Amino acid sequence: MFTGIIEELGGIVRVTATAGDSALVAVRGPLVTSDARHGDSIAVNGVCLTVVEVTDGVFTADVMGETLRRSALGALNVGDPVNLERAAALGSRLGGHLVQGHVDGVGELISREPAEQWETVRFRLPAALSRYVVEKGSITIDGVSLTVAEVGADEFAVGLIPTTLALTTLGAKGVGDPVNLEVDVLAKYVERLLGDRLTDARPTASTLGEVA
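Note that this is a predicted model, so its numbers are computed, not measured. (Residues numbered from 1 in each chain as written. Predicted model: local features only at pLDDT ≥ 70, side-chain atom pairs only at ≥ 80, totals over all residues. Heavy atoms only, no water.)

## Focus on the overall build of the protein
Secondary structure assignment for the protein yields four helices and 12 strands. Across its three principal directions, the C-alpha atoms of the protein cover 75 × 45 × 40 Å. A buried classification covers 39% of the 212 residues belonging to the protein. Sequence separation of 24 or more characterises 70% of the internal contacts of the protein that already satisfy a separation of 6 or more. Carbon together with sulfur atoms contributes 56% to the accessible area of the protein, which is approximately 11600 Å² in total. With 17 positive and 28 negative side-chain charges, the protein shows a spacing of 2 Å between the two charge centroids. (Helix = DSSP H or I, 4+ residues; strand = E, 2+ residues; numbered from the N terminus. Buried < 20%, exposed > 50% of the residue type's maximum accessible area, 1.4 Å probe, protein only. Contact = heavy atoms within 4.5 Å. Areas by Shrake-Rupley, 256 points an atom, 1.4 Å probe, with all protein chains shown as cover. Lys, Arg positive; Asp, Glu negative; His and termini not counted. Charge placed at Lys NZ, Arg CZ, Asp CG, Glu CD.)

## Some details on the packing of aromatic side chains
Counted according to the given criterion, the structure contains one aromatic pair. With a centroid separation of 5.6 Å and 25 degrees between ring planes, the pair formed by F123 and F156 is classed as stacked. Of this pair, F123 sits in strand β8 (residues 119-124) while F156 is found in strand β11 (residues 155-160), placing the two residues 33 residues apart along the sequence. An identical accessibility class is assigned to F123 and F156; each is buried. (Phe/Tyr/Trp six-rings, centres within 6.5 Å; stacked < 30°, edge-to-face > 60°.)

## Things to note about the pattern of salt bridges
Applying the stated criterion across every chain, the model contains 13 salt bridges. Across the pair E7 and R86 runs a salt bridge, and its minimum N-O distance is 2.7 Å. With E7 in the segment before β1 (8-17) and R86 in strand β6 (residues 81-86), the pair connects residues that are 79 residues apart, well separated along the chain. Between R122 and E150 there is a salt bridge, and its shortest N-O distance comes to 3.2 Å. (Salt bridge = Lys/Arg side-chain N within 4 Å of Asp/Glu carboxyl O.)

## Quick look at the nonpolar core
Ranked by size, the top nonpolar core spans 20 residues in total, and within it F123, I139, I141, F156 and V158 carry the most contacts. Those elements giving two or more residues to this core turn out to be β8, β9 (138-141), β10 (144-151), β11 and β12 (178-183). Leave out the neighbours within four places in its chain, and I141 touches F123, L146, F156, V158, L170, V179, N180 and L181. If you look at the next biggest cluster of nonpolar residues, it comprises 18 residues, including V47, L49, F59 and V82. (Core = buried A, V, L, I, M, F, W, Y, C linked by side-chain atoms within 4.5 Å.)

## Looking at the pairing of strand β4 (residues 47-55)
Across four bridges, the pairing between strand β3 (residues 41-44) and β4 is antiparallel. Its bridge partner being in β4, I42 is matched across the sheet by L49. Taking the residues between adjacent antiparallel strands as the criterion, β3 and β4 are bridged by two residues, where N45 takes a positive phi near 50 degrees. Sheet topology places β4 next to strand β5 (residues 58-63); four bridges connect them, and they run antiparallel. By the bridge assignment, V51 is partnered in β5 with A61. Counted along the chain from β4 to the antiparallel partner β5, the turn is two residues long, and its residue D56 has a positive phi close to 50 degrees. (Pairing = 2+ DSSP bridges.)

The following block contains the structure:
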């Protein structure tokens, strides 16, 4: 579990194809590897990856083909910057919101509107995710916990402060660039629970007959 507060801007060092359509990815991150061990979790652009090995500030992780297909990690090249966050520790402050590191879909940056103290950035999102995004709600973009400022039918906007622009990959993203999206997991749980309740409460053929 993560909080969406980026600890370090790292970089892709190496991408090695492995069996099938998977890959072994090496990522430089001196801060997040300072106490990392084999088996630890580190979020890379919002994708939870398991540490295989740590050497001189670089960690490697196996990335399955499914992850490469369902996230924007497959588009990364050597030298690309990435947002890094270690798994949250129990008892630590929850600066952002509960983030699983399980990407729900890939969005696309469609516009940037600079202002004096912040920048409004708009993204297109998959239609299946739009129902989980609400104004003033939380969303994770490339691992960054953000508050939704506006919502449209198939797009949404967030406001980025100077710190976010300077210390995450979102400051350098251009129009058309893909981003990993994770919606608030609480919204999905509520939908499932309410869906089950509505199904249970729906009249069946036998009860309709009894009422008649």
